Every structure is written in C-alpha cells, then in structure tokens.
Amino acid sequence: MNWQTEIDAELEKATQARALNNEGQARVCARRAAGIAIREYLARQGIRPPSTSAYDLLNLLKDDPRLSPDLKQIADHLTLRVTEEFKLPVDADLVAEARKFCEDLLK
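Just so we're clear, the structure is a prediction, and the values are computed from it rather than from any experiment.

Undergrad: Help me understand the nonpolar core in this model?
TA: The tendency in soluble globular proteins is for nonpolar side chains to be buried as a group. Residues Ile-7, Ile-38, Leu-58, Leu-61, Leu-78, Phe-101 and Leu-105 are the most contacted members of the largest nonpolar core, which totals 25 residues. Those elements that provide at least two residues to this core are helix H1 (3-19), helix H2 (23-44), helix H3 (54-61), helix H4 (69-78) and helix H5 (94-105). Among the elements that take part in this core, H2 stands out by supplying eight residues, more than any other. With sequence-adjacent residues up to four places away left out, Leu-105 is seen in contact with Ala-37, Ile-38, Tyr-41, Leu-61, Leu-67 and Leu-71. Core analysis: the second largest hydrophobic core is formed by five residues, Ala-14, Ala-26, Cys-29 and Val-95 among them.

Undergrad: How should the state of the cysteines be read in this particular structure?
TA: In protein structure, a disulfide is the covalent linkage between the sulfur atoms of two cysteines. Scanning the model with the defined rule gives zero disulfides in all. Between Cys-29, a free cysteine, and Cys-102, which holds the nearest cysteine sulfur, the sulfur-to-sulfur gap is 12 Å. Overall, the relative accessible area of 1% leaves Cys-29 in the buried class.

Reading the values: rules and limits
Residues numbered from 1 in each chain as written. Predicted model: local features only at pLDDT ≥ 70, side-chain atom pairs only at ≥ 80, totals over all residues. Heavy atoms only, no water. Core = buried A, V, L, I, M, F, W, Y, C linked by side-chain atoms within 4.5 Å. Buried < 20%, exposed > 50% of the residue type's maximum accessible area, 1.4 Å probe, protein only. Helix = DSSP H or I, 4+ residues; strand = E, 2+ residues; numbered from the N terminus. Contact = heavy atoms within 4.5 Å. Disulfide = S-S within 2.5 Å.

Geometry only, nothing functional implied.
This is the structure in structure tokens:
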C-alpha cells in the first residue's frame, strides 16, 4: 500500500468510528493518518523518521520552523490528552483537522 492509500484508509476508519460513537478510536485513526503523512514528509526531505509512533512524530513536527502556524496547531490538537470524561480540552474536530494536516503537509 502506498502512503496516500494508507492515509485514506485511516481517515475512513476514523469516520466509521465516529459514526459508531467511538470518538476515542476516531482520534487514534486521525493521529495515525497524520503519522503516515509525517513519515512521507520526512522521507521527501531525505530524513529517516526517528520513530514509528505518530504521537512522537507529531511532537517532533510541532518544532519544525517550516511548518505553518495552522499545521502546528493541528499537531498540537492531535497530541492533546483527553480529560477524565474522555473529552478533548478544546473544541476541535480531529478527523477534519487530520485530513487538512495530511493534505497541506504533502502538497
């Protein structure tokens, strides 16, 4: 499978999880899609990803000076911890944000 197919599959899984009211799984899939995009982004620059973890890669990219403020904010949202009620501490649609992140990072 190529990276675009993998991203599309994760975003589709995220959408399906949300439809089943499984927001936690939707967040995981959104984060994995972003991780796939980051690995491709780094590969295009000749950089070997230092981790396979989407969470680690998102944290790494938050410090990338080439990243736009919008993409840094999405990376930040994708790494937020949920509250004790399993809710995000911000009002964000992580599936939509992950989709935008993947598209903008790799255009």
